[in-house]
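Spelled out, the chains give:
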Amino acid sequence: MTEPTAPTRPTAPTAPTEPDQNGFTPWPEDLADRYIAEGYWGDRLLGDVLNGDVLRDDPGRIALVAGDERLSYADLDRRADRAAAGWLRLGVRRGDRVVVQLPNSAGFVVTFLALVRIGAAPVLALPAHRESEIGYLCELAGARAYAAADRDGAFDYRVMARALPVEHVVIEGDAQEFTALADVDADPVEIERPDPATVGVFLLSGGTTGLPKLIPRTHRDYVYNLEASAEVCGFGGRTVYLVVLPAAHNFALACPGILGVLATGGTVVLAPSGSPDEAFPLIERERATVCAVVPPIALLWLDAVSWAEEDVSSLELLQVGGAKFAAERAAEVPGTLGCRVQQVFGMAEGLLNYTRLDDPRELAEGTQGRPLSPADEIRIVDGDGADVAPGEIGELLTRGPYTLRGYYRAPEHNARSFTPDGFYRTGDLVRRLPSGHLVVEGREKDQINRGGDKVSAEELENHLLAHPAVHDAAVVGLPDPMMGERTCAFLVVRDTAPTLPEIKEFLRGRGLAAYKFPDRIETVDTFPRTPVGKISKKELAARLA
Ligand code: OOB
């Protein structure tokens, strides 16, 4: 302890305090100092991500291709500055939160850059989310504004927006009574730079509880995340990256994703989906070199190349992650798609594992990669929290320079999700090879991984329990060759069992995202119980096998 010294002059409010960082758990000071001293954290902000050399020396280079739009680095930079001024004029300020639910459009990228430049954190919702998720997120985040498309097929975001507890609604497309995204535009103004230690963006957790969780990512941890990823994946000026996953998902955004491409001078091409009908023509036209997909898309592509007419030979790297990609399928990628395969085992909470581009095939195909950063700390523990022997299976715990220390405004959940010394409990069961590569062997968390889309069993159970005919509900994963897992809801019903279409209609009415709907329902008289009286999901899952 140093002697306290008397202040020589009254502390004046030199800078406005960052509003509302109260729900954010910072890294302890000694670790933060270390991450800075060792160069993991710098002063770069998310708003600075566009490659500076390209902006100066080659500003006409194409940064973003979206539909008919082709934006150069200079165009994108200018549009982001104009949009930032537009958001400020609308009344959105540094420290605010804005729920952003935009599809893979230029509007998404411009809005993201504009908000991080003013230091208003985007809360990145998926286009599939509905009232149940979006209403809750707006409230939890205390969002000042909500930005969305006009519609998604038959679904009208504007109808949902009318009931949201926000001051401003901004709509891409036909805005009706709301502000049009195109009008969030003004002459650029001087903007005070946010503090790199503050939250730059909120990602959504896949969820294991009744309600979605928010993951605060600071400017400096997320910049490290995307820059280190870009380096490991060899991204650079000649990278043409096709985005087929939702841009709002961590994988497509920053692993290395859209932001990693823009940071290293490459070109981002946005596709509406991973369907070969939409993705292959774009690969051919733009000569895409890299794409990140979930396993079901990889399987679809392995199949589709044999009949598709497009030339996809420009592809050099297929990143596969979000759910386990079987070694046998991974081994088919080089021969069938003519490119390398990279396995990515990541999480919105932080830790990223990548197979390396120079890994021997057996590691690239048969493992889920090794940690991105030398500063990532990994523990693999048994049920008592003790380290397992080398090579044994256990739960993966982690902490590091880009892994959260707490969910936003979730003290009770945080007490369970982190060890007292700050390791995040991933809920994933892994084993580690002598090379440091991890193999994902299963999951401890009560979640279904439906081809990369995460479904919290508890969240779905709570919705099912609200159905008048449902007495009790238990949701388990059903093995599936294409999706890895599908969702099965076991129900104890009061008298007549509802049908699957009735259940889906009920859940739609409750505003739940459709990817969380059960694929199958099974009615039972009673649930099997564990010795302590909990529902035995293991036994229920065994009944499906
Ligand atoms: C990615 O992020 P999230 O937040 O949607 O889901 C994380 C969880 C992991 O904890 C794990 O259970 C599962 O998804 N997972 C995998 C996997 N990649 C993710 N399980 C097995 N094999 C894999 N390769 O899914 C995500 C974030 C960034 C990059 C890539 C994926």
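Residues numbered from 1 in each chain as written. Predicted model: local features only at pLDDT ≥ 70, side-chain atom pairs only at ≥ 80, totals over all residues. Heavy atoms only, no water.

In the annotation of an unreviewed UniProt entry, the entry for the protein reads 2,3-dihydroxybenzoate-AMP ligase, and the organism field reads Actinomadura algeriensis.

Our next topic: the site of the ligand. In the neighbourhood of the ligand, 20 residues make up the surrounding shell, with Val344, Ala348, Asp428, Lys445 and Lys454 lying closest. Measuring from a nitrogen atom of the ligand, one finds a backbone N or O atom of lysine 324 at 3.3 Å. Alone, the ligand offers 600 Å² of accessible surface; in the complex the protein occludes 95% of this. Among the elements that line the shell around the ligand, the one with the most residues is strand β16 (residues 340-347), at four residues. (Near = heavy atom within 4 Å. Polar contact = N/O pair within 3.5 Å; in protein donor to acceptor, adjacent residues only side chain to side chain. Areas by Shrake-Rupley, 256 points an atom, 1.4 Å probe, with all protein chains shown as cover. Helix = DSSP H or I, 4+ residues; strand = E, 2+ residues; numbered from the N terminus.)

Residue position: glycine 23 is located in the segment before α1 (29-37). A sequence separation of 384 residues divides glycine 23 from tyrosine 407, and the C-alpha atoms of the two residues are 7.9 Å apart. The residues contacting glycine 23, other than those within four sequence positions of it, are Tyr407, Tyr408 and Arg409. (Contact = heavy atoms within 4.5 Å.)

Below, the discussion takes up the pattern of salt bridges. According to the stated counting rule, one finds 43 salt bridges in the structure shown. Of the charged contacts, one joins arginine 443 and glutamate 485 as a salt bridge, the two residues approaching to 2.5 Å between their closest N and O atoms. One end of the pair, arginine 443, is in strand β22 (residues 438-443); the other, glutamate 485, is in strand β26 (residues 484-493), with 42 residues separating them in the sequence. Using a relative accessible area of 16% as the deciding quantity, one classes glutamate 485 as buried. Note that arginine 508 and glutamate 505 form a salt bridge whose closest N and O atoms lie 3.4 Å from each other. With arginine 508 and glutamate 505 both in helix α17 (residues 500-509), this residue pair falls three residues apart, about one helical turn. Overall, the relative accessible area of 46% leaves arginine 508 in the partly exposed class. The exposure class of glutamate 505 is partly exposed, given its relative accessible area of 48%. Salt bridges sharing common partners tie together Arg151, Asp156, Arg158 and Asp174. (Salt bridge = Lys/Arg side-chain N within 4 Å of Asp/Glu carboxyl O. Buried < 20%, exposed > 50% of the residue type's maximum accessible area, 1.4 Å probe, protein only.)

Pairing between the strands of a sheet comes from backbone hydrogen bonds, and it takes one of two forms, parallel or antiparallel. The four strands lie next to each other as β19-β20-β21-β22, forming an open sheet whose pairing is antiparallel. In the strand order of this sheet, the two ends are held by β19 (377-381) and β22, each with one partner. For this sheet the average axis-to-axis angle between neighbouring strands, irrespective of direction, equals 45°. As paired elements, strand β20 (residues 394-399) and strand β21 (residues 424-432) share four bridges and run antiparallel to each other. Within the sheet, the bridge partner assigned to glutamate 395 lies in β21 and is leucine 429. (Pairing = 2+ DSSP bridges. Axes fitted to C-alpha atoms, helices over the stretch in contact; angles between N-to-C directions.)

Before going further, it helps to spend a moment on the side chain of arginine 94. With respect to the helices, strands and loops of the structure, arginine 94 is situated in the loop between α3 (73-90) and β3 (97-101). The class of arginine 94 is buried, set by a relative accessible area of 18%. At 3.2 Å, the side chain of arginine 94 forms a polar contact with the side chain of glutamate 192.

A word on the UniProt feature "domain: AMP-binding enzyme C-terminal" (unreviewed entry) in the protein. UniProt feature "domain: AMP-binding enzyme C-terminal" (unreviewed entry): in the numbering of this structure it lies at residues 459-534. As annotated, residues 459-534 has a helix share of 22% and a strand share of 33%, and its two end C-alpha atoms lie 17 Å apart. (UniProt positions renumbered as here; feature names shortened; annotations may be inferred.)

A word on the packing of α3 against helix α4 (residues 106-118). Interaxial distance between α3 and α4 falls to 8 Å at its minimum, and their mutual angle equals 60°. In terms of axis orientation, α3 runs oblique to α4. The hand of the α3/α4 crossing is right-handed. On α4, the residues touching Leu76, Asp77, Arg79, Ala80, Asp81, Ala83, Ala84, Trp87 and Leu88 of α3 are Ala106, Val109, Val110, Thr111, Leu113, Ala114, Leu115, Arg117 and Ile118. When grouped by side-chain class, the residues that make up the contact of α3 with α4 number 13 nonpolar, one polar and four charged. (Parallel < 35°, antiparallel > 145°, perpendicular 65-115°, else oblique. Left-handed = near helix turned anticlockwise from the far one by under 90°. Nonpolar A, V, L, I, M, F, W, Y, C, P; charged D, E, K, R; others polar.)

Pairing between β21 and β22: five bridges, direction antiparallel. Among the inter-strand pairings, valine 430 is bridged to a residue of β22, identified as valine 440. The turn joining β21 and β22, which pair antiparallel and follow one another in sequence, is formed by five residues; a positive phi near 95° is taken by glycine 436.

Considered as a void within the structure, the second largest pocket measures approximately 340 Å³ in volume. Forming the walls of the second largest pocket are 20 residues, and the residues nearest its centre are Arg79, Ala106, Gly107, Glu172 and Leu181. Taken together, the elements giving at least two residues each to the lining of the second largest pocket come down to α3, α4 and β8 (168-172). When its residues are assigned to classes, the lining of the second largest pocket shows 10 nonpolar, five polar and five charged. (1 Å grid on protein atoms, 1.4 Å probe; cavity = no way out; pocket = protein on both sides within 12 Å on 5 of 7 lines; lining within 4 Å. Points joined across faces, edges and corners; volume = space filled by probe spheres on them.)

Across the interface, helix α10 (residues 276-286) lies against helix α11 (residues 295-304) with an axial gap of 11 Å and an inter-helix angle of 70°. Considering the angle they form, α10 stands roughly perpendicular to α11. The segment α10 lies against α11, with Pro276, Ala279, Phe280 and Ile283 engaging Leu300, Trp301 and Ala304. For the contact of α10 with α11, the residue count by class is seven nonpolar, no polar and no charged.

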